[in-house]
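What the coordinates show
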Amino acid sequence: MNDYDIRHWYKLFDMELTESSTRLIFPRKALASCVRAYIVRSTIEAPLLEAADRYNHFPATPHCSLTFFIEGEAEVVEPADVPRETIRVVFGGPQTRPMVTCNPGPVRILMVMLYPQALHALSGVDVSAWVDRWASIDQVLGQDWPALSDAVLSAASDAERLELIENFLEPRWQATRPGGAGAMAGDWVRHLAAQAADTAFGRGVRNIERRIKARAGQPMRKLLGFQRAEQSFFEARDEFLAGKAVWSDIAARGGYSDQAHFCREARKITGHTPLELARVLASTDERYWIYRVWT
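Residues numbered from 1 in each chain as written. Predicted model: local features only at pLDDT ≥ 70, side-chain atom pairs only at ≥ 80, totals over all residues. Heavy atoms only, no water.

What about the sheet that holds strand β8 (residues 108–114)?
- Pairing is antiparallel in the open sheet, where six strands are placed in the order β1-β2-β8-β4-β6-β9. Bordering the open sheet on either side are β1 (22–25) and β9 (134–136), each of which pairs with just one other strand. Pairs of neighbouring strands in the sheet enclose a mean axial angle of 20°, with direction left out of account.
- Pairing of strand β4 (residues 64–71) with strand β6 (residues 89–92), which is carried by four bridges, proceeds in the antiparallel orientation. (Pairing = 2+ DSSP bridges. Helix = DSSP H or I, 4+ residues; strand = E, 2+ residues; numbered from the N terminus. Axes fitted to C-alpha atoms, helices over the stretch in contact; angles between N-to-C directions.)

Right, dumping it as structure tokens:
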């Protein structure tokens, strides 16, 4: 075990000893180009007493997700066209719109955020067929995945659950990952484009675009938009907290045509203007926990 892995597992076990209910955890080095991050959250030990605090606001995301409901459940509030059945292990494709859920009672969850092209490589799933969709993991992925789900749901701790997931993913990722060891880490969107160009028959623009959409679910233009918006949101938060936010400057640095363009893109992804989002991130509003842990 190298120094990176020692630090990684130390963080996992340390997590069990802290009082905080939410953690963002990065994968071991061998999975850095497959798993974007893990999110563990529990309101079991400190139940949320206010009904409003049990709502969860999620932004749109280009990533795929697996959400394990170890305890408790969630109900979808928005958008209205999402299926309402209760699922203990939910597969979610890339999401082009923000979502709101509600937990009727205390919950303990584990979310695995996967790069979409990694999920495609691991399972062969056409990610474009799962944009803005959710389903039980056994409806989407291969035969081995339901057994993993059962083991994770039965595990005694978050550290044990994460070890099960990583031990499951690592050999499969090593056998199927495209490119070298660093593939997709860092600027994963541009790497995806280069990879699609290398493998597309004839390397025509349409062939490349089809491959990108099958692997990531969305066209390159939208993926670049997500990437640009995320970086701009982070800058906006930091500058807002420092009392130095000039929204027109942030929009210009992000490559937006003007401040209004930046605001429109922010609303599409989060449901809020950059100013509203910055205020939320600076607050302790429990409904926006995913934004604070991600930044």
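What to know about the pattern of salt bridges
- Per the stated rule, a full pass over the model turns up 11 salt bridges.
- Among the salt bridges present, the one from Glu-45 reaches Arg-108, with a minimum N-O distance of 2.9 Å. One end of the pair, Glu-45, is in the loop between β2 (35–42) and β3 (55–58); the other, Arg-108, is in strand β8, and 63 residues separate them in sequence.
- Classification of Glu-45 by relative accessible area gives exposed; the value is 57%.
- Among the ionic pairs, Asp-158 bridges to Arg-161, the shortest N-O distance being 2.7 Å. Placement of the pair is Asp-158 and Arg-161 together in helix α5 (residues 158–176), with a separation of three residues, close to one helical turn. Exposure class is identical for Asp-158 and Arg-161. Each is buried. (Salt bridge = Lys/Arg side-chain N within 4 Å of Asp/Glu carboxyl O. Buried < 20%, exposed > 50% of the residue type's maximum accessible area, 1.4 Å probe, protein only.)

Focus on the side chain of Ser-232
- Here Ser-232 lies in helix α8 (residues 220–241).
- Not counting residues up to four positions away in its chain, the partners in contact with Ser-232 are Ile-250, Gly-254, Tyr-256 and Phe-262. (Contact = heavy atoms within 4.5 Å.)

Some words on empty space enclosed by the protein
- Enumeration according to the criterion identifies one cavity of 30 Å³ or more in this entry.
- Approximately 30 Å³ is the volume attributed to the largest cavity.
- For the lining of the largest cavity, the secondary structure elements donating two or more residues are α8 and α11 (274–282).
- Classifying every residue of the lining of the largest cavity by side-chain character gives six nonpolar, no polar and one charged. (1 Å grid on protein atoms, 1.4 Å probe; cavity = no way out; pocket = protein on both sides within 12 Å on 5 of 7 lines; lining within 4 Å. Points joined across faces, edges and corners; volume = space filled by probe spheres on them. Nonpolar A, V, L, I, M, F, W, Y, C, P; charged D, E, K, R; others polar.)

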